[in-house]
Amino acid sequence: VQLQASGGGLVQAGDSLRLSCAASGRTFSGYSMGWFRQAPGKEREFVAAVSSGGTTYYADSLKGRFTISRDSRDNAKNWVYLQIDSLEPEDTAVYYCAAGGDSLRPRIEGSYDYWGQGTQVTVSS
């Protein structure tokens, strides 16, 4: 199983980014997929998740600027995306995608079995 995250970079405040994550090696069509992030000096935190049925979940503090979506049509490779609008310097972090999550606990880091390597997002003011 491999999760490959991409799309991060150095951007200015107010810009938008779309992060992508390709999950391969098994099918994740029956499981939640999500994004977490870890800012410098802080613990990793939940950002967003999407269930197998398309229900989306967001961290309360991030609602409105983040949009998660997934594409599970190809059993060989599942995709999860995170659109981030109106980026703020506080969004600077390593963003991790996760798959294989318990659909009953999509916000819980420990419910995910597989993790990507992370993609760095740096927002300058």
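Visitor: I keep staring at the nonpolar core and nothing clicks. Help me out?
Guide: Proteins that are soluble and globular tend to have nonpolar side chains buried together. If you look at the biggest cluster of nonpolar residues, it comprises 34 residues, and the most contacted ones within it are W35, V47, F66, I68, V80, L82 and Y95. Among the elements of the structure, strand 1 (2–6), strand 3 (17–24), strand 4 (32–38), strand 5 (45–50), strand 7 (66–71), strand 8 (77–84), strand 9 (93–101) and strand 11 (119–124) are those that each provide at least two residues to this core. With residues near it in sequence (within four places) discarded, Y95 still touches L19, W35, F36, R37, V47, F66, L82, I84, G118, T119 and V121.

Visitor: Just checking my understanding: could you explain the pairing of strand 4 for this structure?
Guide: Residues in a regular strand project their side chains so that they alternate between the two faces of the sheet. The buried count for strand 4 comes to 6 of 7 residues, which makes it a mostly enclosed element. For strand 4 and strand 9, the ladder comprises 7 bridges, and the chain directions are antiparallel. Its bridge partner being in strand 9, F36 is matched across the sheet by Y96. Across 5 bridges, strand 4 lies against strand 5 in antiparallel orientation. Residue M33 lies in a different strand from strand 5, and its bridge partner there is V50. Between strand 4 and the antiparallel strand that follows it, strand 5, lie 6 residues; G41 among them carries a positive phi value of about 75°.

Scoring rules and cut-offs
Residues numbered from 1 in each chain as written. Predicted model: local features only at pLDDT ≥ 70, side-chain atom pairs only at ≥ 80, totals over all residues. Heavy atoms only, no water. Core = buried A, V, L, I, M, F, W, Y, C linked by side-chain atoms within 4.5 Å. Buried < 20%, exposed > 50% of the residue type's maximum accessible area, 1.4 Å probe, protein only. Helix = DSSP H or I, 4+ residues; strand = E, 2+ residues; numbered from the N terminus. Contact = heavy atoms within 4.5 Å. Pairing = 2+ DSSP bridges.

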